[in-house]
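Summary of structural features
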Amino acid sequence: MAKKQLEDWEVAVIRRLLLLGVDNAGQKLFKQDIAFLFSRPRRTINVGRIVEIADDHERYAGIAPATEEEARQFLRDWQEINFPENPILERDLGPTHPKTLAAIFQPRGDDEERIAVSETDTVEGKASFNWGSKEEYGRTMAGFANNRGGYLLFGVEDKTFKIVGIAPDRMPKFDPRKANQYLTRTYNHHLRFEIGDFSIAGKTVGAMYVYQSEHKPIVCKNDDGKLCSGDIYFRYPGETTRIKEPELRKLLEERGHQNEQDIVNILQRIADIGANNSAVIDLTKGTIEGKRGQFVLPTELISQLNFIKDGEFNEQEGAPTLNVVGELKAVPTGSVAIKKVKENLTERDILGDFVEQKEVGNPTEYIERQCHEQARWMPIYYYAHLAGFSHNELADFLKSSSSPYTGRVALHIQRVELDKLPSNIASTREKGHWVADLLSNGTVNIASEEDAISALNAICCFDTDTVDQDYSITLLREVFARFGTNTDAKVRGAFRRACCYLDRAYFRHQLPKAASEE
């Protein structure tokens, strides 16, 4: 008789899960799902073992089902369990590691050319992988995210799950950023996914695992081919389609419950810490207040504050974390200094924050906003520098813009890739006079709009290798203070050009180079 892979208690739990037929969320449990719950990289449970238990194979005779509570406790804790054959649990391998995939997806016992899985609400097969089918892939991914996550398998025929395979280098060559850019443009929240591949029946099968979203519902925000703005896609067994009323109602109820639970958790933490030792951070107003007063951060630390990106959490699921990088120091009490995030950005914000050299909290929004503005020339490298972009990453970010003005986006991409600057600057004679005056030690009188235009044009002639950055920016700041609200098109145009000139001169070379740019 073959050696048992499963302990008696595991068989008991499996028996109860088969009787229940659903998980703790009420989702149908298939035999393949149960095999997944008990598989680990060092211990593979074939779906055939689950079939044997369901069929009362003699190997498992005499083992009674576990109680319902025991089975539901297992479903809550299964990721934490160190199974007998796997004393060192390899939890860090991830859902698309070859070992993980090989443990979950195995050939059928009666046909090794087919994967032992029926298409459920967690698995879908595709005969090939071609990002030209991104609408279809994105729709399925959104459906998985709105349900409980799932796998797209490439190189596996739909419905039959016959293994046809893909080229071994197909998945490694695919750049996930292409998928991220498309999904960001198309859906209202970030879709978290991983890609990988594994070998089965002598062929390579690609895999894309989509995580269940923590920000349901995922909603389509663009009309794109067969996709419709406002649609919510949901993964049902065997298909992805528009969500139906019962699932939508349940999804919204769960979201409301989660919001309530988040508040309860926060209140519980305050109770644990004590009201006198707690403070509340208002991220909309930039205040930190508690019963013992205000909490003040030193100015030099503000630039090092990083808020964890929406959807990413530390320590406790559902508890957004403020990640403070640096050393806290005692400072005199006063107003709270926090790197604020502006919303509804305007051209004046983009120009004004550049001349003030503000370390804004959302630099990528300043770049994205430029793709929506009519004005072509505004500082871009300064904000790319704050965002930590390389030249290629900046260009890729622009290519992923959600702006409907594709012509404007193309001009910005061209500007970055070809290192372009505005060309329509005043005559050399006029510039020469003002360059000399601005670089002299005397006071330069900028009394009119014409003077402002001439001074701004002159700034565009500075030799930035010899002219100090602080001096150049200070001059620009002085002009902005007097004429920054001017509505005259010539003044605004000259100011934008001067900003772009200094932006390129002082910040383009500060962008880190990616390996491919070396």
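Residues numbered from 1 in each chain as written. Predicted model: local features only at pLDDT ≥ 70, side-chain atom pairs only at ≥ 80, totals over all residues. Heavy atoms only, no water.

1. Some points on the packing of helix α12 (residues 363-370) against helix α14 (residues 391-399)
Two elements in contact, α12 and α14, have axes separated by 10 Å at closest approach and are oriented at 55°. Accordingly, the angle class assigned to the pair α12 and α14 is oblique. For α12 against α14, the interelement crossing comes out right-handed. Within the contact between the two elements, α12 uses T364, I367 and E368 and α14 uses L394, F397 and L398. Partitioning the contact of α12 with α14 into residue classes produces four nonpolar, one polar and one charged. (Axes fitted to C-alpha atoms, helices over the stretch in contact; angles between N-to-C directions. Helix = DSSP H or I, 4+ residues; strand = E, 2+ residues; numbered from the N terminus. Parallel < 35°, antiparallel > 145°, perpendicular 65-115°, else oblique. Left-handed = near helix turned anticlockwise from the far one by under 90°. Contact = heavy atoms within 4.5 Å. Nonpolar A, V, L, I, M, F, W, Y, C, P; charged D, E, K, R; others polar.)

2. Things to note about the nonpolar core
Counting residues in hydrophobic clusters, the biggest one holds 46 residues, and the most contacted among them are F354, L394 and L476. With nine residues, helix α19 (residues 489-507) is the single largest residue contributor to this core. Filtering out sequence-adjacent residues up to four positions away, L394 remains in contact with I367, I380, Y381, A384, F389, V416 and L511. The next biggest cluster of nonpolar side chains, apart from the first, holds 24 residues, and it includes Y137, F154, F174 and Y187. (Core = buried A, V, L, I, M, F, W, Y, C linked by side-chain atoms within 4.5 Å. Buried < 20%, exposed > 50% of the residue type's maximum accessible area, 1.4 Å probe, protein only.)

3. Concerning helix α3 (residues 47-54)
Considered for burial, the residues of α3 that qualify are V47, R49, I50, E52 and I53. Where α3 is buried, its residues meet α1 (8-20) and α2 (31-38).

4. Focus on the pairing of strand β4 (residues 150-154)
The element β4 is extensively covered by neighbouring structure, given that five of its five residues are classed as buried. Side chains G150, L152 and F154 of β4 all project onto a buried face; the interleaved residues Y151 and L153 project onto the opposite face, where all are buried too. The pairing of strand β3 (residues 123-126) with β4 spans four bridges and is parallel. Looking at the pairing, V123 lines up with Y151 of β4. Here β4 pairs with strand β6 (residues 203-210) via five bridges, running antiparallel. Within β6, the position partnered with Y151 by the bridge is Y209. (Pairing = 2+ DSSP bridges.)

5. Here we look at helix α17 (residues 449-459)
Most of α17 sits out of view: eight of its 11 residues are buried. Among all positions of α17, only A452, I453, S454, A455, L456, N457, A458 and I459 are buried.

6. Considering the environment of P379
Note on placement: P379 falls in the loop between α12 and α13 (381-387). Put simply, P379 and F354 are 25 residues apart on the chain and 7.1 Å apart in space, counted from C-alpha to C-alpha. Apart from the residues lying within four places of it in its own chain, the contact partners of P379 are I350, L351, F354, Q370, R415, C499, C500 and D503.

7. Comments concerning the environment of D231
As for its position among the elements, D231 is in the loop between β6 and β7 (233-236). Judged by relative accessible area, D231 falls into the buried class, the value being 12%.

8. With respect to the sheet that holds β4
A sheet is described by the order of its strands in space; here four strands give the open sequence β3-β4-β6-β5, paired in mixed fashion. Whereas interior strands pair on both sides, the edge strands pair on one side only; in this sheet they are β3 and β5 (193-200). Sheet twist, expressed as the mean angle between neighbouring strand axes with direction ignored, is 20°. Strand contacts of helix α6 (residues 134-146): β3, β4, β5 and β6, with the helix running at about 155° to β4, the strand carrying the most contacts.

9. Things to note about a nonpolar patch on the surface
Among the surface-exposed residues, I263, I266, L267 and I270 lie close enough to one another that they form a single nonpolar patch of about 370 Å² accessible area. Tracing the sequence through the fold places I263 in helix α9 (residues 245-273). Look at I263 and you get exposed, because its relative accessible area is 52%. (Patch = residues over 30% accessible without salt bridge, like charges linked within 9 Å, V, L, I, M, F, W, Y side chains within 5 Å. Areas by Shrake-Rupley, 256 points an atom, 1.4 Å probe, with all protein chains shown as cover. Salt bridge = Lys/Arg side-chain N within 4 Å of Asp/Glu carboxyl O.)

10. Focus: the packing of helix α11 (residues 347-355) against α12
α12 packs onto α11 with a crossing angle of 130° between their chain directions and a minimal axis gap of 10 Å. In terms of orientation, α11 and α12 fall into the oblique class. Handedness of the crossing formed by α11 with α12: left-handed. Contacts between α11 and α12 pair D349, I350 and D353 from the former with Y366, R369 and Q370 from the latter.

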